[in-house]
Structure formats: C-alpha cells, structure tokens
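Residue strings, one per chain:
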Amino acid sequence: MTRVDVETPHGPARAELHCAEEGRAALLLGHGAGGGFEAPDLVAVTRAATEAGVHVALIEQPYRVAGRRAPAPAKQLDAAWLAVVEDLGERWFADLPLIFGGRSSGARVACRTAEAGAASAVLCLAFPVHPPGKPEKSRLAELDGVEAPVLVVQGDRDAFGQPEPSHDREVVLVPGDHSLKADVDAVFRAAQEWLGRVLRLID
C-alpha cells in the first residue's frame, strides 16, 4: 500500500494505492460524504479488485484531507476528483483502462465525471437515489447519464432508494441498509463477478 498526495484546484487530495500483481486496469474509488476508506464495502471491493488483477486507488477528497466533516459542493468534488484521475493516470496507471467508483456521495462523483474522465466502467456502492423520505428529489439523472457499463450494489433496505437495472446497468441487491455492512461477502462477490465481465470487455 502506497499513499500519495495530489494537488487539486481545491487543495491537496490523497490517494491510497493498492496494487495488484498483474494490473489489467485501475479502479479509482471515492468515499461517502462523512466516511473514509475504512467503510466495509470499500474494503471488500478493494480486495475483490486486487484479486481480479485490478489496481485500486482510494481517493480522499480535499475537504477530508483538511479535516472538515461537511462535504464540499458537487462542482468542487468533481474538479478535485478529475485532477486526481489525471495525475494518477499519468504517474501510476499509464495506458491502463480506468474504472471509476465509490460509495454514496463518491458514487455520484464517479457517475458525474465518467464521461470527462474517460472511464471504461463505473462501480457504485449504495448510490443515493434520493434523500431518505424525499423520492421527489431524485438523483437518477446522474446514474442515467453514464454511457459505460455500470454496477450498482445496493442494500435491499436502503432508505436512499433503489435504482432500476437498465441497458448497461446491473443492479445487485444485497441484505442490509445504506451502510452495506450486513453482508460484506455479498458485496465482494458482486464486485468480483462484475469486474471479471468488465475486464473481458475492455481487455
């Protein structure tokens, strides 16, 4: 595991790199609004990816690096993410396909930046379809806007809603709520199986 600091337009971000033996692609994962890399679903997906021959970069947004709890506005999150993607793509993952991903807020960032960052696929953990109890405030447009293959791993009791599968979008429901802590093995399996299929597509 290697930690690297990356300058962004909104202050330094940090990436924690977990390198696979072969390195057929690189998966960049963002954290939730108030959480860090230690979230059980991010840990499970990191293990699934490295075992599948995919490098992983866990990306810590500048507001977290600076010690702030409240997330930055979406435009700042996206700009910082893309700055990290560009830096890591040049320094660490040259010529490798990039897969974007993250949990909750990080999944939204991955979807919004997929086109600009030329992501080959997107992996969403606990995508927050709407705020709890407010289905009218839908964020589905962010998910629908991704043209690359997408996996959404969602708790079957997630108060933030559940997206529907569609063309190029798989939705895997696992036991649990928004935290995805109830069945981490199911999260691991869903990510591992999907990554295997995606790698065959992009190899």
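One can find the structure itself at the top, above this paragraph.
Residues numbered from 1 in each chain as written. Predicted model: local features only at pLDDT ≥ 70, side-chain atom pairs only at ≥ 80, totals over all residues. Heavy atoms only, no water.

Enquirer: Which parts of the structure should I look at to understand the overall build of the protein chain?
Expert: Each helix and strand counted, the protein chain has six helices and eight strands in total. Put simply, the protein chain runs from its N terminus to its C terminus through helices and strands in the order β-β-β-α-β-α-α-β-α-β-α-β-β-α. Here the protein chain holds 203 residues, and the buried ones make up 53% of them. The long-range share in the protein chain, meaning contacts at least 24 apart out of those at least 6 apart in sequence, stands at 62%. In the form shown here, the protein chain has an accessible surface area of approximately 9100 Å², with 49% of it arising from carbon and sulfur atoms. Where the 21 positive side-chain charges of the protein chain centre and where its 29 negative ones centre are 7 Å apart. (Helix = DSSP H or I, 4+ residues; strand = E, 2+ residues; numbered from the N terminus. Buried < 20%, exposed > 50% of the residue type's maximum accessible area, 1.4 Å probe, protein only. Contact = heavy atoms within 4.5 Å. Areas by Shrake-Rupley, 256 points an atom, 1.4 Å probe, with all protein chains shown as cover. Lys, Arg positive; Asp, Glu negative; His and termini not counted. Charge placed at Lys NZ, Arg CZ, Asp CG, Glu CD.)

Enquirer: I keep staring at the pairing of strand β1 (residues 2-8) and nothing clicks. Help me out?
Expert: Looking down a regular strand, the side chains alternate between one sheet face and the other. Bridging between β1 and strand β2 (residues 11-18) involves seven bridges; their strand directions are antiparallel. Note that in β2 the partner of Thr-8 across the bridge is Gly-11. If you look at the hairpin formed by β1 and β2, you'll find two residues sitting between the two strands. (Pairing = 2+ DSSP bridges.)

Enquirer: Would you take a moment to explain the environment of Thr-8 for this structure?
Expert: Note that Thr-8 resides in strand β1. If we ignore the near neighbours within four places in the chain, the residues touching Thr-8 are Ala-13, Pro-62, Ala-80, Ala-83 and Val-84. Of the polar contacts made by the side chain of Thr-8, one reaches the backbone oxygen of Gly-11; its length is 2.6 Å. (Polar contact = N/O pair within 3.5 Å; in protein donor to acceptor, adjacent residues only side chain to side chain.)

Enquirer: How should helix α1 (residues 40-51) be read in this particular structure?
Expert: Within an α-helix, residues lying three or four positions from one another point in the same direction, as the helix has 3.6 residues per turn. Along its 12 residues, α1 runs 17 Å from first to last C-alpha, staying within 8% of the 16 Å computed at 1.5 Å per residue. Those residues of α1 that sit buried are Asp-41, Leu-42, Ala-44, Val-45, Thr-46, Ala-48 and Ala-49. Buried residues along α1 sit against β2, β3 (25-30), β4 (54-60), β5 (98-103), β6 (121-125) and α6 (184-202). Looking one or two places after α1, you find Gly-53, whose phi comes out positive at around 85°. (Expected span 1.5 Å × (residues − 1).)

Enquirer: Looking at this structure, I do not really get the sheet that holds β3. What am I missing?
Expert: Backbone hydrogen bonds are what pair the strands of a sheet, in a parallel or an antiparallel way. One open sheet holds the eight strands; their spatial order is β1-β2-β4-β3-β5-β6-β7-β8, and the pairing between them is mixed. Edge positions in the sheet fall to β1 and β8 (169-174), since each of these pairs with one other strand and no more. Between one strand axis and the next, the sheet turns through 20° on average, direction left out of account. For β3 and β5, the ladder comprises five bridges, and the chain directions are parallel. Across the sheet, Ala-26 pairs through a bridge with Leu-98, a residue of β5. Its contacts with the sheet put α1 on β2, β3, β4, β5 and β6, and the angle it makes with β4 is roughly 155°. (Axes fitted to C-alpha atoms, helices over the stretch in contact; angles between N-to-C directions.)

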